[in-house]
Amino acid sequence: MTLTAKDVAEIMRLLEQSSFDSLSIEIDGVKLNLQRGSSAPVERTVVPAPATGSSRPPQSVLPKAKPPSEPGLSEVASPLLGIFYRAPKPGEPPFVEVGSKVEQDTVIGIIEVMKLMNSVCAGVKGEVAEILVENAALVEFDEILVRVRPGA
Amino acid sequence: MAIRRILIANRGEIALRVIRTCRTLGIETVLAASKADLDSLPARLADRTLCIGPARPSDSYLRQDTIVQAALGVKADAIHPGYGFLSERTVLARLCEQEGVVFIGPTAAQIEAVGDKLRARAEAESSGVPTAPGGAVENVREAMALGRRIGSPLLIKAVGGGGGRGMKRVDRLEDIPSSMELAGAEAGAAFGDARVYLERFVERGRHVEVQILGDGNGRVVHLGERDCSVQRRYQKLIEETPATGLSADFRARLHSAAVQFAERLCYRSAGTVEFLVDLERDAFYFLEMNARIQVEHPVTEAVTGTDLVAEQIAIAEGRGLRLKQEEVRPEGCAMECRINAEDPARDFQPSPGTVRTAVWPSGDGVRVDTHIVSGSRIPPYYDSLMAKIIVHASDRPAALKRMQGALAATRIEGVATNLAFHADVLTDPEFETGGVDTSYLPRFLERRRLAQEVRAHG
């Protein structure tokens, strides 16, 4: 079966009357995401069968980190995929907080890969301006962990 | 255990192939991708994509610790390894077993048993499956003695090799000492295992392999054979099923040999038992077993109507075999052409770059497995496989015709491909007749080279 414009209108009406804010359904490879009060209420993605023909690929997965709060900040990216820890041990104070002064070799966190702990250094002298990752979160390779305001 | 989320530890067309089946089954996909692949079609189509490391495979796709950590981090129930990379590495399967992540494939012990080619040979012998005359040799003296018994030409093979890697052909027995020394040194460097063994070289052999599925408890079914004799330097180029010119009896013996071999191992998941078929002697010999889903699996899917990736997942979930042997009834003929980003005019050198235009064929009995669309980049770090064009028809002539039409409808701009080369092979009378052996493609290339020379000078 395929969704017609009438079907979508009907589904939207049902959502309108319901107590839910969003709805997403998938029927035969057609994804329908509805959100109450969103500027782009209907997003339709057709799943290509074993991709034939020259179709436009969907959105890239590249952009991820939130933009910096001020210009000129230096980024400390994760050298590995793993679990990011802000403190040496649970319950201990974090290696750095916003405002902490760091040297190039100051450890800003630990990344665990299968019980192997890898420390991450600031790589730049300055002051921690932003911490982007929560403790014990999975971080990807090259994901920005903290931003440092370079300086003396 | 129902699998709800799968981490795909691979890239390219096979990553997309696994995503496709997962979508059909309502399973979430997490793609473990290198930085060079974050923009790829599979990365965009997976429910989630994780960047596991830089472009170089040794820093990303080949890091089993990172892969398992990623699976644990996203709470994936299972890992699908695809083919290549970590698919046949005991370490990944074992790590999964330790960490309670389902490995969609055989057990670590089974991978080990077939990865050691000498042990696989012994397993074949024990299960009554014929092997080519040969065996293990510890030193040059033993090699000379065995060489005299089996006669030349022969092959010196690395125990840790496979898929054509780590092999040396010896045409004269007096060359055994020097070749063996070289083969041992190369094997040590490439596989960390310098052991070698000898095998008779079958000059006019065909590469025929049998697709099997095992439930891990000793039950095994086969899904027919694939003829992959069209090879260049052990790289398969065209695969088809059924294999042309085998008698019903020969075919049945081949199938049951594969089943016997896998049964003895209590093999779990999809696997392929490869044989060298010597039709002149009415004989076949065990070559090796591939403990993974194979590149050419779609030709089997086309004639049997089975989704092999879905069966792999069902077996991994502990649901066993959903097929009875008598329910496997292959219909018609299927053929696959591997479209690579390589330049036949420059000795098939890889041709990475950006694909400006990609138009793939479609229509009745045509399937294209590809991750390439217009604008896709082909990074230089990985293999050059762009797409597999698979056709299915009632018989071989019809399949050939359908493939010719499919290739003609394909348009690739921006990188060099072997498309035109495929088209040439398909219209070659020898290939059209069918049943070529593995020496066919080198001969075809030589003929082509000579013809070009004549044209250039005449």
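Residues numbered from 1 in each chain as written. Chains lettered and ligands numbered in written order. Predicted model: local features only at pLDDT ≥ 70, side-chain atom pairs only at ≥ 80, totals over all residues.

A.B. asks: Looking at this structure, how should I read the overall build of chain A?
C.D. replies: Looking only at helices and strands, one finds one helix and 11 strands in chain A. Scanning chain A from its N terminus toward the C terminus, one meets helices and strands in the order α-β-β-β-β-β-β-β-β-β-β-β. The burial tally for chain A puts 19% of its 152 residues in the buried class. In chain A, once contacts between residues fewer than 6 apart in sequence are set aside, the share between residues at least 24 apart is 56%. (Helix = DSSP H or I, 4+ residues; strand = E, 2+ residues; numbered from the N terminus. Buried ≥ 20, exposed ≤ 12 C-beta atoms within 10 Å, placed from the backbone. Contact = placed C-beta atoms within 7 Å.)

A.B. asks: Got a minute to help me understand the overall build of chain B in this structure?
C.D. replies: For chain B, the count of helices and strands is 15 helices and 23 strands. A globule of 458 residues ought to have a C-alpha radius of gyration of about 23 Å, and chain B, at 22 Å, matches this closely. Principal-axis analysis of the C-alpha atoms gives chain B an extent of 60 × 60 × 45 Å. Looking at chain B as a whole, 53% of its 458 residues qualify as buried. Taking the contacts inside chain B whose residues are at least 6 apart along the sequence as the reference set, 65% of them involve residues at least 24 apart. (Rg over C-alpha atoms; globule rule 2.2 N^0.38 Å.)

A.B. asks: Is there a simple way to explain the sheet that holds strand S11 (residues 220-232) of chain B in this structure?
C.D. replies: Picture the strands of a sheet paired through backbone hydrogen bonds; they go either parallel or antiparallel. All names here are of chain B. Taken together, the eight strands give an open sheet; going across it, the order is S14-S13-S10-S11-S12-S15-S22-S20, and neighbouring strands pair in antiparallel fashion. The open sheet is flanked by strand S14 (283-290) and strand S20 (366-370), the only strands paired with a single partner. The mean angle between the axes of side-by-side strands here comes to 25°, regardless of whether they run parallel or antiparallel. Inspection of the sheet shows strand S13 (residues 268-278) paired to S14 by seven bridges, in the antiparallel sense. Its bridge partner being in S14, Phe275 is matched across the sheet by Phe286. Contacts between helix H9 (residues 248-265) and the sheet are confined to strand S10 (206-215), S11, S13 and S14, with S11 contributing the most and set at about 110° to the helix. Against the sheet, helix H12 (residues 396-408) touches strand S15 (333-340), S20 and strand S22 (385-393), its axis set at about 140° to S22. (Pairing = 2+ DSSP bridges. Axes fitted to C-alpha atoms, helices over the stretch in contact; angles between N-to-C directions.)

A.B. asks: Where do I start with the environment of B:Ile52 in this structure?
C.D. replies: Tracing the backbone shows B:Ile52 in strand S3 (residues 48-53). C-alpha separation for the pair B:Ile52 and B:Lys35, spaced 17 residues apart in sequence, amounts to 7.4 Å. Ignoring any residue separated from it by four or fewer positions in sequence, one finds B:Ile52 in contact with A:Leu81, A:Phe141, B:Ala32, B:Ala33, B:Ser34, B:Ser60, B:Thr66, B:Ile67 and B:Ala70.

A.B. asks: What am I meant to see in the nonpolar core here?
C.D. replies: Nonpolar side chains in soluble globular proteins tend to be buried together. With 156 residues, the main nonpolar core has B:Leu7, B:Ile8, B:Ala32, B:Ile67, B:Ile79, B:Phe275 and B:Val391 as its most contacted residues. With near-sequence residues (within four places) excluded, B:Val391 lies in contact with B:Ala334, B:Met335, B:Gly365, B:Val366, B:Ala399, B:Arg402, B:Met403 and B:Ala406. (Core = buried A, V, L, I, M, F, W, Y, C linked by C-beta atoms within 7 Å.)

A.B. asks: Teacher, can you tell me more about the sheet that holds strand S8 (residues 165-170) of chain B here?
C.D. replies: Residue and element names in this part refer to chain B. Here four strands make up an open sheet; going across it, the order is S6-S9-S7-S8 and the pairing antiparallel. Each of the sheet's edge strands pairs with one partner strand only, and the pair in question is strand S6 (134-137) and S8. Averaged over neighbouring strand pairs, the angle between their axes works out to 25° when direction is ignored. Here strand S7 (residues 154-162) runs beside S8; their pairing, made up of five bridges, is antiparallel. Its bridge partner lying in S8, Gly162 is registered against Arg165.

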